[in-house]
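Understanding the architecture of this molecule
Chain residues, written in single-letter form:
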There are 4 protein chains.
Amino acid sequence: MSLNTFGHLFRVTTWGESHGPALGATVDGCPPGVPIDEAALQQWLDLRKPGQNKYTTQRREPDAVKILSGVFEGQTTGTPVQLMIENTDQRSKDYSEIAAKFRPGHADITYFQKYGLRDFRGGGRSSARETAARVAAGGLARAALAELAPGLQITGYMVQMGAQAIDRSRFDWEEIARNPFWCPDADAAEGWADYLDGLRKSGDSVGAVIEVTARGVPAGLGAPIYGKLDTDLAAAMMSINAVKAVEIGEGMAAATLTGSENADEITMGPDGPVYSSNHAGGILGGISTGQDVVVRFAVKPTSSILTPRRTVTVRGEETEIVTKGRHDPCVGIRAVPVGEAMMACVILDHLLLHRGQIGANRGHIG
Amino acid sequence: MSLNTFGHLFRVTTWGESHGPALGATVDGCPPGVPIDEAALQQWLDLRKPGQNKYTTQRREPDAVKILSGVFEGQTTGTPVQLMIENTDQRSKDYSEIAAKFRPGHADITYFQKYGLRDFRGGGRSSARETAARVAAGGLARAALAELAPGLQITGYMVQMGAQAIDRSRFDWEEIARNPFWCPDADAAEGWADYLDGLRKSGDSVGAVIEVTARGVPAGLGAPIYGKLDTDLAAAMMSINAVKAVEIGEGMAAATLTGSENADEITMGPDGPVYSSNHAGGILGGISTGQDVVVRFAVKPTSSILTPRRTVTVRGEETEIVTKGRHDPCVGIRAVPVGEAMMACVILDHLLLHRGQIGANRGHIG
Amino acid sequence: MSLNTFGHLFRVTTWGESHGPALGATVDGCPPGVPIDEAALQQWLDLRKPGQNKYTTQRREPDAVKILSGVFEGQTTGTPVQLMIENTDQRSKDYSEIAAKFRPGHADITYFQKYGLRDFRGGGRSSARETAARVAAGGLARAALAELAPGLQITGYMVQMGAQAIDRSRFDWEEIARNPFWCPDADAAEGWADYLDGLRKSGDSVGAVIEVTARGVPAGLGAPIYGKLDTDLAAAMMSINAVKAVEIGEGMAAATLTGSENADEITMGPDGPVYSSNHAGGILGGISTGQDVVVRFAVKPTSSILTPRRTVTVRGEETEIVTKGRHDPCVGIRAVPVGEAMMACVILDHLLLHRGQIGANRGHIG
Amino acid sequence: MSLNTFGHLFRVTTWGESHGPALGATVDGCPPGVPIDEAALQQWLDLRKPGQNKYTTQRREPDAVKILSGVFEGQTTGTPVQLMIENTDQRSKDYSEIAAKFRPGHADITYFQKYGLRDFRGGGRSSARETAARVAAGGLARAALAELAPGLQITGYMVQMGAQAIDRSRFDWEEIARNPFWCPDADAAEGWADYLDGLRKSGDSVGAVIEVTARGVPAGLGAPIYGKLDTDLAAAMMSINAVKAVEIGEGMAAATLTGSENADEITMGPDGPVYSSNHAGGILGGISTGQDVVVRFAVKPTSSILTPRRTVTVRGEETEIVTKGRHDPCVGIRAVPVGEAMMACVILDHLLLHRGQIGANRGHIG
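Residues numbered from 1 in each chain as written. Chains lettered and ligands numbered in written order. Predicted model: local features only at pLDDT ≥ 70, side-chain atom pairs only at ≥ 80, totals over all residues. Heavy atoms only, no water.

Some words on the interface of chain C and chain D
- Taken residue by residue, the interface counts 113 residues in chain C and 115 residues in chain D.
- Here chain C meets chain D over a buried area of about 9100 Å², counting both sides, of which 60% is carbon and sulfur.
- Put simply, chain C and chain D have four salt bridges between them.
- For Glu-265 of chain D, the salt bridge goes to Arg-310 of chain C, with nearest N and O atoms at 3.6 Å.
- Between chain C and chain D we count 56 residue pairs in polar contact (both at pLDDT 80 or more) in total.
- Residue composition of the side of chain C that touches chain D, grouped by class: 52 nonpolar, 44 polar and 17 charged.
- Note: strand β11 (residues 243-248) of chain C against strand β11 (residues 243-248) of chain D, three bridges, orientation antiparallel. By the bridge assignment, Glu-247 of chain C is partnered in β11 of chain D with Ala-245 of chain D. (Contact = heavy atoms within 4.5 Å. Buried area = accessible area lost by both parts, 1.4 Å probe. Salt bridge = Lys/Arg side-chain N within 4 Å of Asp/Glu carboxyl O. Polar contact = N/O pair within 3.5 Å; in protein donor to acceptor, adjacent residues only side chain to side chain. Nonpolar A, V, L, I, M, F, W, Y, C, P; charged D, E, K, R; others polar. Pairing = 2+ DSSP bridges. Helix = DSSP H or I, 4+ residues; strand = E, 2+ residues; numbered from the N terminus.)

Notes on the UniProt feature "binding site: FMN" (unreviewed entry) in chain A
- The positions that UniProt labels "binding site: FMN" (unreviewed entry) are, in the present scheme, Arg-125, Ser-126, Ser-127, Asn-241, Ala-242, Gly-285, Lys-300, Pro-301, Thr-302, Ser-303, Ser-304 and Arg-326 of chain A.
- The residue Ser-127 of chain A is located in the loop between α3 (108-115) and α4 (130-148) in this model.
- Of note, Thr-302 of chain A is situated in the loop between β16 (293-299) and β17 (309-312).
- Accessibility expressed as a relative area gives 14% for Thr-302 of chain A, which makes it buried.
- For Thr-302 of chain A, the residues in contact, after removing those within four places along its chain, are Ser-205, Asp-328 and Val-331 of chain A together with Gly-259 of chain B. (UniProt positions renumbered as here; feature names shortened; annotations may be inferred. Buried < 20%, exposed > 50% of the residue type's maximum accessible area, 1.4 Å probe, protein only.)

Description of the sheet that holds strand β2 (residues 11-16) of chain A
All names here are of chain A.
- In spatial order, the strands read β1-β2-β3-β7-β4; together these five strands make up an open sheet with antiparallel pairing. One side of each edge strand has no neighbouring strand; the edge strands of this open sheet are β1 (5-6) and β4 (65-67).
- Both β1 and β2 contribute to a ladder of two bridges, which runs antiparallel. Bridge pairing in β2 links Phe-6 to Val-12.

Points about the UniProt feature "binding site: NADP(+)" (unreviewed entry) in chain A
Residues and elements named next belong to chain A.
- Here, UniProt's "binding site: NADP(+)" (unreviewed entry) annotation points to Arg-48 and Lys-54.
- Take Arg-48: it is sitting in helix α1 (residues 38-48).
- Not counting residues within four places of it along the chain, the set of residues in contact with Arg-48 comprises Asp-63, Ala-128, Arg-129, Thr-131, Ala-132, Val-135, Arg-334, Pro-337 and Val-338.
- By the secondary structure assignment, Lys-54 is in the loop between α1 and β4.
- In this structure Lys-54 comes out as partly exposed when scored by relative accessible area, which is 45%.
- Ignoring any residue separated from it by four or fewer positions in sequence, one finds Lys-54 in contact with Asp-197 and Arg-200.

Examining the relation of the copies chain C and chain D
- Rotating chain C by 180° and translating it 0.0 Å along the rotation axis places it on chain D, where the RMSD comes to 0.0 Å. Look at the turn and shift together and you get a two-fold axis relating the two.
- An overlap of 100% is found between the interface residues of chain C and their copies at the interface of chain D, pointing to a shared contact surface. (Least-squares fit on C-alpha atoms with pLDDT ≥ 70 in both.)

Side note on the packing of helix α1 (residues 38-48) of chain C against helix α4 (residues 130-148) of chain C
All names here are of chain C.
- Between α1 and α4, the shortest axis-to-axis distance is 8 Å and the interhelical angle comes to 140°. Regarding the angle of α1 to α4, the classification is oblique. Between α1 and α4 lies a crossing whose hand is right-handed. When α1 is examined against α4, the residues Leu-41, Trp-44, Leu-45 and Arg-48 are found in contact with a partner set consisting of Thr-131, Ala-132, Val-135, Ala-136, Gly-139, Leu-140 and Arg-142.
- Here the residues of the contact of α1 with α4 are counted per class, giving seven nonpolar, two polar and two charged. (Axes fitted to C-alpha atoms, helices over the stretch in contact; angles between N-to-C directions. Parallel < 35°, antiparallel > 145°, perpendicular 65-115°, else oblique. Left-handed = near helix turned anticlockwise from the far one by under 90°.)

A look at the sheet that holds strand β10 (residues 208-215) of chain A
- The ten strands are arranged β9(A)-β8(A)-β10(A)-β16(A)-β11(A)-β11(B)-β16(B)-β10(B)-β8(B)-β9(B) in an open sheet whose pairing can be described as antiparallel. Where the open sheet ends on each side, the last strands, each with one partner, are β9 (164-165) of chain A together with β9 (164-165) of chain B.
- Across eight bridges, the pairing between strand β8 (residues 153-161) of chain A and β10 of chain A is antiparallel. Note on β10 of chain A: the bridge partner recorded for Met-158 of chain A is Ile-210 of chain A.

Here we look at the pattern of salt bridges
- What the rule picks out here adds up to 80 salt bridges over all chains.
- Among the salt bridges present, the one from Arg-168 of chain C reaches Glu-211 of chain C, with a minimum N-O distance of 2.7 Å. Of this pair, Arg-168 of chain C sits in the loop between β9 (164-165) and α5 (186-202) while Glu-211 of chain C sits in strand β10 (residues 208-215), and the two are 43 residues apart along the sequence.
- The class for Arg-168 of chain C is partly exposed, based on a relative accessible area of 45%.
- For Glu-211 of chain C, a relative accessible area of 3% corresponds to the buried category.
- Linking Arg-309 of chain C and Glu-265 of chain D is a salt bridge whose minimum nitrogen-to-oxygen distance equals 3.9 Å. Remark: Glu-265 of chain D occurs in the loop between α7 (259-262) and β12 (266-269) and Arg-309 of chain C occurs in strand β17 (residues 309-312); the pair is interchain, linking two chains. Here Arg-309 of chain C and Glu-265 of chain D have matching classes, each one buried.
- Each of Asp-167, Arg-170, Asp-185 and Asp-187 of chain A takes part in salt bridges that share partners, so that together they form one network.

Here's the deal with unusual backbone geometry
- Geometrically, the link from Pro-224 of chain A to Ile-225 of chain A is a cis peptide bond, its omega value of 10° lying close to zero.
- Counting through the fold element by element, Ile-225 of chain A comes out in the loop between β10 and α6 (229-238).
- Phi at Ala-242 of chain B is positive, roughly 75°, even though this residue is not glycine.
- With respect to the element layout, Ala-242 of chain B can be found in the loop between α6 (229-238) and β11 (243-248).
- Of note, Glu-73 of chain D is a non-glycine position whose phi angle comes to about 50°, a positive value.
- Mapped onto the fold, Glu-73 of chain D is located in the loop between β5 (71-72) and β6 (75-76).
- What makes Glu-73 of chain D exposed here is its relative accessible area of 65%.

Set out below in C-alpha cells:
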C-alpha cells in the first residue's frame, strides 16, 4: 500500500511521477474565503525551480501550476483544491542503464523489492520532482495563514554544506535571498560556492543541513500525544527526499546539556511570558510556546554521481554503475523551499485543529 | 483537540494521567491468533519500571498490566485489546508549587495555554508515565512479530550520556543487559555511573542519545511518500517525552558526506543483495532494504531539577522554582525500552500494510 | 483487521466483549472544560440497562461506568477520557452449544470465517453489550453539546414494532418516557405490549423501527462529499447491531415523490429561513439546514430464539439449533438509547469540524 | 472543513466542480501490477454519460478520462493514480437566477450557510457531475478486483420508479442492459417510459430505488465494529447525491419479520455453507457470508423543476423560483453506475484490509 496524504484537517495528497504527463497536489480541507490565484502560487514554485543557477540541475521545467478546482472568483470555496503541474521537459533519453541497474543509495532497489515493478524514468515517484507539488500546496497554506495568523513568517535557509557550517554570529535574515544557497552568512556562501564548483567538476555530490524558522506562531498549537507539533514536523521533514535526520531547537545537542543549562527561563513581558533562551525550539510537550519554532534537517548527498559504484542488476548480476545526466551536486539547495512549504502546511493544520476547541487558547497568563 | 492514536493498521491509543486511577493502551488492529498473556507483557514493563536502581526515579509502581479485552483462551481474537495499568503509588503530596508555577522547559505552561486547565499532579498526561502504556502495546506488537517475522530482533541501547559517547569499537550486544544504562560499551558505562552520581548529588540532570536497531527486517516495508518507514519512525520517536531529534542511519552526519562516500555499494550474496556499508540505516526511499534498521534519538535533560530557575505563575507573577521530589537525573535511561516498543509497533504496522498488496515483495532479485 | 473507532475529531473507540472482565470506550478529542462526572454518564446507561421490565433480557448488570482518565476536578482536560464498565453478571453457563454450532442469522459464522477463532461466550464482541460503551460515550458527547449548542435536544423513540406502526397524529413527545417501548403513541404501545407477550411465550422475536430526532441543530454542519452529516449518521446507525436500513427524512418514500412534492419551500421567519415541510430530514447536500434532523433505522429480530433452525457445526456437520437463555423478544427497544448516543456523537463531531473553519457559519441570510 | 476522501486502504479523493476546468479522482492505495488503461476506464464512464437518451439531461460531455499518474507500461505501479475528466460543455449561460435564489430541496442554501460563498455554476461541487469521478475510480477498483477476486460480479439496476416497483418474478439479469432504465423487468420498464414522458412534459421529476448486487464476494470481508461491510456500504451509498435511505438485504422490511422468519438457515454444500435464503443481504455482524451482497438505496427527485416554488434570496427576500435548463426527470437512472462504482470501491477496500491479517479467512468450515 502507499500512503500519499499528510495532514489532519488540511490534507495534502501529492501524486505524479517525474516523467509522467503531470504531477500535483490534491488539497482537501482548505478553509473557504482564502484569496488565491495561480500567480500567487507560482512565486513559490519559481523559487524552487531547477536550472536557475549552475548549482542546481539543468533540467528546465517552467513548473507552471494550474488550479483545477476549489477556487471561485479568486477565493477558495472550502472544496478540494486541485493543483496541477504539467511535465514538459521529458527529454527523450536512454533509460536502459537505470532500468536494469540499481543506483547505490537510491530508492531504485527498494521500490522494485516492494512493488515488483517501477516507473524508472527519472526516478519515477521517488524523484525530487514530487516536491514541486508540496511547494504548490505550501503556497496555498501560506495564503490561508495570511488570513488566520497575519504576523506569521516562515523562512528556510541552509546552515551547513558538507562539513562547513555557518557562523551564527554573522547570521543575517536579509542575506538569505542574496545568494544561490539561501545562506544567511555571506562569508560561508562564498566558501560553499568554491567547494561546490570543485565537486561539480569531479562529478560528486555533498549533503547539507537546512533550518526552517517560523516566527509569530501563536502559543497553544499541537495535539499531544501523537499529533504533537514537533512530531508532525519531524514526520513532514523526514518525508522529504534524502532527509536522514530532524532536529527541533537544540536537537541532538540537547543530549549534551544539563537540566539547568537547558531550562529556558521565563519572565513576564508586556504581551505575556518571555523566555531567556530557546533551547526548546518553540515547542514544549508538543505544544507551541509562542517563541520561534525552529526545525533543522540533514539532506544526504544525491546518489546520482559520476564516480563508478558497485551494484547489481534486476537479474542479480554484479556490475558497476555511473549515473550520467542532469543532477544536483547539492540537492539540499532545492530542499529549502520544500522545508518552508512543509512548515506552512503543518502549522496551518494545527491552527485549524486548535480552532475546533471550546475556548481555544483561553489559558491566559497574567 | 488531542490526537492520542498512532499507527495505520496496528493502531495504539494511549490514555491516562500520571496520578489518575489508571492508564493504558487501547490496541486496535492486532491480528487474530497471536499467543499472548499478561506475563508475556509484564516482562517488558518490568524492564522499564522506575525505581530499579539508584539512577532512576524512586517512585515505586508495580506497573502490573491487565488485559481487559481482545484475548480469549490465550490468543488474540482480532478485536481491540485493552491493556490497563493501575496507578498505585499516588503518594499524597503537596502539588501547590507546580499547580501555581510553571517549570521552565516543561509542558506545564503549554498545556495551560492550550487547554486553559490541566491535571498538574505529577505532570498529568505529559508525564513519562504515559510511556508505560506504549511499552505494554509494544509487547503485544513483539508477540505478533514473533509470528509474522520470526527472525526479527529489536534492541535499544544508550550510545551517549551528556557529552560522553560510547566507543563503537567496544560495542558488545551482550553487554547491554549487564549495566543499568543499557550501554553496549562496558567502559563507557563505568564513566557514566560516576558522572551520574555527581549529577544526582547536585540535583541536576543530563540528556542522552538512544539507538534502536531492528535486525531481520524484511525488505519492502514502508509506504511512500507520507507513510515512509523512516517518516513513521521519526514521528514515533519524536512523540516520546523529551525527545528533540531523530536520526536514521548516518543521521545529521549525512550532511558531511559526499555521494561517493555515502553510497552503500551492492553485491550479491547467497540470499540476495548484500551491502558494503549501512549509511542508509536500512531504509532507502522510505522502504526497508533488508539491512538493519537503525534509529537514534536525543533525549533532553529533565526539567525537574533542584537548581532554582526563574519562572512565572499562572497569574503572571515573576518568581523562582525548585522542583523537589522523585526525579530521574537522566530520563534517557528509561527511554530505551520505550524506543524499542515504538520500533516494534511501527514495524508491525508496516508489515500489516505490506501484506495487503497483490504479490507483496514479489520484486525478487536474482 | 478490525476498525473499532468512529468520528473525525470526537473519536470513540469501543472495546470489550460480552463476557470478558470489562468493556468500555476510549474517547479522544473531547474538548477541555466540559463539566462531567460518573453520575452524569450513569443516567444514560441506566436508561439502556437490560432487565428493567419483562420485555428486555433478564441479564442483570449494574453497568456502572467508571471514568479512568481525562477528567480533573470535575471537568474534561482535553486528554483521552477512558470510560470503563465492568462485566459482573458473567453467570457460569454451558456454552458448548453455541461454541460448536452457528446460530442462523447471527455473526457467529462470519466471525469464525474471518478470524478463525472467536470468543463465543455471549456473542463476544458481536454482543449487544458493546452498545453500553456507546451510550457512555454518547453521554459525554451530550455534556459537550450542552456547552457548545445549548438548545440542542436529541430524542429517540420506536415508531414501528413488527408490522405495527405508530399513528403520527397521536405523536406525543411526553409519552415517550411513559411506556417501556419509548413509544410516542400511547395506543400503539398498548398493542405492542400484547403482541410482545405472545411472542415471548412462543420463544420468537420481532424487528422494529427506531427514529431519532435532533432539535436545535445549527445550520451548516456536515462535511461534503464523504463526510456529509447524513453519510456519517447512516454509518453510525448501520454500525449498531442488527440494523439493516437507515433513512433520513422521507427515506425510502422519497422514491415515490415528485420534485414538486418533495421541495421544502422556503420563506423568511424572524430568525432566518423557515421551511414549509421537512422531507429533507434537516439535511441538504449533506449539510444541516437548521430544521430537525430526523433519522430512522430498522432493527432485525434477534436470532437467538427457541424455534429450532437448521444449521451447521464448526466441523461442517448439519444439525439443528435452539438458543436458550436470556434474550430480548425485541432488541429494538434497547436500541433507542444507542441511536440517541450515536446521534449525539455525530453531531458533536461535526460541530467541532465546523468550528475549525474561517468565519464558520458566516453565510448569513437576510 | 470538507472531507472528500473515502476508503481505508483503497482511498479515493474526488475533486472538482460542475463548471470548473476539470474534475477527477485521486486514487491512493491501488495495488501494483493491475493492468489498466484509459479505454478500460472509459467504458464505465460511457455507461454513466448523460445525454444518451431522452430520459437523461441533454448536457453533452464526452467525459473522457485521462490517467495522469500511477500507471507505467499498462500496469499500476502502487503509487497514486490521478484520473482527470475535463469539463468541455460549459455552455455560457445566465446563472443570475440560481446565484441569487436558493432552489428548495437543493444544497444551494446549505453550502451558502456553511461556507459563506459557493460556486453556483451548475451546482458547483454539489452537482451530480462529481459522480463521474467516482465511476472512474470504480473502474480502477473493478480492474483490481478482476485480479484479486476473479469470479466477482457487480451489477446495479433500478427496482422502483416513483410508486412503481418491479415484479421480482420477472427479474431477468439479461434485461438490465436492454432498456434505458437498467430495469431487470421488461414490463416495468415500459410502464416507466410512459410515466417519465408525461413527467418530462410537465417539467416535474420523480424519485427511484436502485439495487446493487455483488455476486462472488468471498466470506470474511468487513471490519467490525465501525468499519463493518454494511456500515461502509451505507456510508458509500448515502454519500451519493440525492440519496435518502440505504437498505441491506431485507432492509426496512426486516422490522416486520419474526426471528424464525428472518433466520437464513444453513446447510452444507460441496464448497461450504449454503443458505436457505438471504434476508441478511450477504452480511452478518458486518462481515460477508459468501452469499450475494445486496444493497438498495432511494434517490429523491431532482429539485431542479419547472414548477414554481417559494424560496428566498441570498439577501433574505421572499420570492419564487423556476429552474430552467437541462435536467433529469429521474436522476436515479444515472445513479445506477455510480452505485456499482461505490460497491466496487468498498469491496476492494475490504479485500485489501482482510489480506493484512495473519491466516486471513482461515476459519474453514467442514
